[in-house]
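A structural walkthrough
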Amino acid sequence: MQEAEKIYQKDHPDFKLEITEMAWDDVQQKLTTLAQSQDFDQLPDIFLMQNMATQKNIEGYPDIFSDYEKSGIDFSEFPESVVNYSLYEDVHYGLPFDAGTSIGAWRTDFLEQAGYTIDDLTDITWSKFIEIGKEVKAKAGKPMLSSTAGASDFIMEMIQSAGSSIFTDSGEVNIANNEVLLKATEIYKQLVDEGLVIEVNSWDEYVASFTSEQVVGTINGVWISGSIQTATEQSGKWAVTNLPAIDGVDGATNYSANGGSSWIISSNANYDLAADFLKSTFAGSTELYDTILSSSGAIANWIPAGKSAVYNEPVEFYGGQTVYADVVDFGKKVPSINTGVYYYEGRDAISAAVTQIVGGADPAEALKSAEETTKFAMG
């Protein structure tokens, strides 16, 4: 935002931003309180919202939002899958900011010990991944991946890559009879049983698992790259590619997402100024995205940013790969899904089901229970 302010000030020298940094949970609590009290004059002009929370807030608290229909922003310049997080009844309520596009990041030196390169992990299926993973583990002595026990982000990435969601387009729960979800949980259990995924107990342990060379790599939103690159001594030993696709699913892809956020213009905003500022910066300035890429590691959802010289520069840490341009291209191919209003409740129920399945429970029964739990949370 500070860099966006500088860029906008070039043509609007009197423009100033007052920026407040606040954890997402605190933002959500404040939004809920202001919406319930109808105290809208306390809303900031612009605020950042987690993509997965947008549908619930639009439906639950519509009065805190201004729409983007008069902004002049070209939303076709953003991935449809990301735009749809904040599209409600065909009206745009959010401007995509940071990318949550999923990547597979792998240690090329460990792959080479088993005779593989990053190309061997590109555009493959999960069955092929398991085949490769077994050989890598046998020859390099390391599992392929780690995952935080009791979390379902990995599963959610898998099902989105196949164009599936835990909610139907009409908002009904789609867990118990979701064949893609069932396949994803079975794949995950096989990965654990084969020793290709190790489960850890905390976020710190998860990051340490790949930065301290306990595993070969990780699959997550591209924002995980910031954590990967803290291991500066590993520069040149990493490469990035897309995700394995789920076998036997029509339309399954090698692309998904986890996380990301969008800018919201509040109902209390100086609308014309707020919209023009965002249109001129986050929806119109390659200079902005070039600057924040190097200064803060924020990777654009705005597709034209991927064409800039900065985005196409080789990244030494990733062996000279043009990672950032590649990720912007990945983002265009992520399937669009309906996350539903009760995404977080459904995700938590899936997390509990995955824990049960890994422990030996019948997958179909665990998912049936997860659906019942989600429906109960929905009232």
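- As named in an unreviewed UniProt entry, the protein is ABC transporter, solute-binding protein, taken from Actinomyces urogenitalis DSM 15434.

1. So, the domain arrangement of the protein
- Per the domain assignment, the segments of the protein are domain 1 (1–100 + 259–308) and domain 2 (103–256 + 336–378).
- Its C-alpha centre places domain 1 at a distance of 29 Å from the equivalent point of domain 2.
- Buried surface at the junction of domain 1 and domain 2, both sides included, amounts to about 1,200 Å², of which 56% is carbon and sulfur.
- Summed over the shared surface of domain 1 and domain 2, the result is one salt bridge.
- Across the pair Glu345 and Lys56 runs a salt bridge whose closest N-O atoms are separated by 2.5 Å.
- Taken together, the connections running from domain 1 to domain 2 amount to three residue pairs in polar contact (both at pLDDT 80 or more).
- Top contributing element to the side of domain 1 that touches domain 2 by residue count: helix H3 (residues 51–60), with five residues.

2. Looking at the pattern of salt bridges
- Scanning the model with the defined rule gives 12 salt bridges in all.
- A salt bridge links Glu3 to Lys6; the shortest N-O distance between them is 3.3 Å. Taken as a pair, Glu3 and Lys6 lie in helix H1 (residues 2–9) at a separation of three residues, close to a single helical turn.
- Residue Glu3 is classed as partly exposed on the basis of its relative accessible area of 24%.
- Residue Asp193 pairs with Lys189 through a salt bridge whose shortest N-O separation is 3.1 Å. Of this pair, Asp193 and Lys189 both sit in helix H8 (residues 179–193), separated by four residues, roughly a single helical turn.
- Three or more residues joined by partner-sharing salt bridges are found here, namely Arg107, Asp109 and Glu213.

3. Remarks on H1
- Among the residues of H1, those classed as buried are Ala4, Glu5, Ile7 and Tyr8. Down the axis of H1, the buried side of the element spans an arc of 165°, and every buried residue falls inside it.
- Elements in contact with the buried residues of H1: helix H11 (271–280) and helix H12 (286–296).

4. A few points about the sheet that holds strand S1 (residues 46–50)
- Taken in spatial order, the three strands of this open sheet run S1-S10-S4, and their pairing is antiparallel. Edge strands, defined here as strands with exactly one partner in the open sheet, are S1 and strand S4 (95–96).
- When S4 meets strand S10 (residues 261–265), the two strands line up antiparallel, connected through two bridges. Looking at the pairing, Leu95 lines up with Trp263 of S10.
- With respect to the sheet, H3 is in contact with S1 and S10, its orientation differing from that of S1 by roughly 110°.

Rules behind the numbers
Residues numbered from 1 in each chain as written. Predicted model: local features only at pLDDT ≥ 70, side-chain atom pairs only at ≥ 80, totals over all residues. Heavy atoms only, no water. Domains from an automatic or database assignment. Buried area = accessible area lost by both parts, 1.4 Å probe. Salt bridge = Lys/Arg side-chain N within 4 Å of Asp/Glu carboxyl O. Polar contact = N/O pair within 3.5 Å; in protein donor to acceptor, adjacent residues only side chain to side chain. Helix = DSSP H or I, 4+ residues; strand = E, 2+ residues; numbered from the N terminus. Buried < 20%, exposed > 50% of the residue type's maximum accessible area, 1.4 Å probe, protein only. Arc of directions from axis to C-beta. Contact = heavy atoms within 4.5 Å. Pairing = 2+ DSSP bridges. Axes fitted to C-alpha atoms, helices over the stretch in contact; angles between N-to-C directions.

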